[in-house]
Amino acid sequence: MHALFILNDPPYGTERVYNGLRVAAGILKQDAGNRVTVFLMADAVAAAKAGQKTPDGYYNAERMLKRVLAGKGEVLLCGTCMDARGLTDTDVAPGTRRSTMDELSAITVSADKVLVF
């Protein structure tokens, strides 16, 4: 099964990114044959910012993305959204990558499930 997660909200201030990444990691953990793509757009692209330092006891979106990547998931970022927020390819966590709406459209068509947070 291929699940596509589209995350829109900022990584902190709401719990949508947190909850979306928890479900994405859970799907990968359920079955090694599952495939997960996380597409970060709008303010969610900030979740991939490298070097995040959150207070003790608070979740860290960058670390959560690394769990998805460790489970062989894919993390893509809207390039237009990155540009609008001043993020460059060197600003984001290793393993994540810039993407396009064309790629998101193709993945959406091929995915078995699409979840939007």
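The coordinates are above.
Residues numbered from 1 in each chain as written. Predicted model: local features only at pLDDT ≥ 70, side-chain atom pairs only at ≥ 80, totals over all residues. Heavy atoms only, no water.

Caption draft 1: Spotlight on the overall build of the protein chain. For the protein chain, the count of helices and strands is four helices and five strands. Each helix (α) and strand (β) of the protein chain, taken in turn from the N terminus, gives the series β-α-β-α-β-α-β-α-β. Taking 117 residues into account, the globule formula puts the C-alpha radius of gyration at 13 Å, and the protein chain, at 13 Å, falls close to it. If you line up the protein chain on its principal axes, its C-alpha atoms span 35 × 35 × 25 Å. Every one of the 117 residues in the protein chain was classed for burial, and the buried ones make up 44%. Contacts in the protein chain between residues at least 24 apart in sequence constitute 70% of all its contacts with a sequence separation of at least 6. A total of about 6200 Å² of accessible surface is found on the protein chain, and carbon and sulfur atoms cover 53% of it. Of the side chains in the protein chain, 14 bear a positive and 13 a negative charge, and the two mean positions are spaced by 6 Å. (Helix = DSSP H or I, 4+ residues; strand = E, 2+ residues; numbered from the N terminus. Rg over C-alpha atoms; globule rule 2.2 N^0.38 Å. Buried < 20%, exposed > 50% of the residue type's maximum accessible area, 1.4 Å probe, protein only. Contact = heavy atoms within 4.5 Å. Areas by Shrake-Rupley, 256 points an atom, 1.4 Å probe, with all protein chains shown as cover. Lys, Arg positive; Asp, Glu negative; His and termini not counted. Charge placed at Lys NZ, Arg CZ, Asp CG, Glu CD.)

Caption draft 2: The nonpolar core, seen in detail. Formed by 36 residues in total, the largest nonpolar core has its most connected members in L21, V38, L40, V75 and L77. Contributing elements (two or more residues each) for this core: β1 (2–7), α1 (16–30), β2 (35–40), α2 (61–70), β3 (74–78), α3 (79–84) and α4 (101–110). Residue contacts for L77: discarding those within four places in its chain leaves F39, L40, V45, A48, M82, V92, T96, R97, R98 and S99. (Core = buried A, V, L, I, M, F, W, Y, C linked by side-chain atoms within 4.5 Å.)

Caption draft 3: The pattern of salt bridges, seen in detail. In the structure shown here, the tally under the stated rule is seven salt bridges. Among the salt bridges present, the one from D43 reaches R85, with a minimum N-O distance of 2.8 Å. Placement of D43 in the loop between β2 and α2 and of R85 in the loop between α3 and β4 (96–99) is noted, with a sequence separation of 42 residues between them. Under the relative-accessibility criterion, D43 is labelled partly exposed at 36%. K66 is paired through a salt bridge with E62; the nearest N and O atoms lie 3.7 Å apart. Of this pair, K66 and E62 both sit in helix α2, four residues apart, which is roughly one turn of that helix. Looking at K66, the relative accessible area reads 42%, which means it is partly exposed. Three or more residues are tied together by salt bridges with common partners; here these are E74, R97 and E103. (Salt bridge = Lys/Arg side-chain N within 4 Å of Asp/Glu carboxyl O.)

Caption draft 4: Looking closely at the packing of aromatic side chains. Within this structure, the stated rule accounts for five aromatic pairs. Seen from their ring centres, Y12 and Y58 are 6.0 Å apart, and the 40 degrees between their planes marks the pair as tilted. With a gap of 46 residues between them, Y12 in the loop between β1 and α1 and Y58 in the loop between β2 and α2 connect regions that are remote in the sequence. Within the aromatic cluster, the residues linked to one another by ring pairs are Y12, Y18, Y58 and Y59. (Phe/Tyr/Trp six-rings, centres within 6.5 Å; stacked < 30°, edge-to-face > 60°.)

Caption draft 5: Seen up close, α2. Inspection of α2 places A61, E62, M64, L65, V68 and L69 among the buried residues, and these make up the whole buried set. The buried side chains of α2 occupy one side of the element, clustering within an arc of 160 degrees when seen end-on. Facing away from the buried side of α2, by more than 90 degrees, are the exposed residues R67 and A70. For α2, the secondary structure elements touched by its buried residues are α1, β2, β3 and β4. Two to three positions downstream of the cap, the backbone nitrogen of E62 sits 3.0 Å from a side-chain oxygen, assigning the N-cap of α2 to N60. Looking at the residues trailing α2, positive phi occurs at K72, about 75 degrees. (Arc of directions from axis to C-beta. Polar contact = N/O pair within 3.5 Å; in protein donor to acceptor, adjacent residues only side chain to side chain.)

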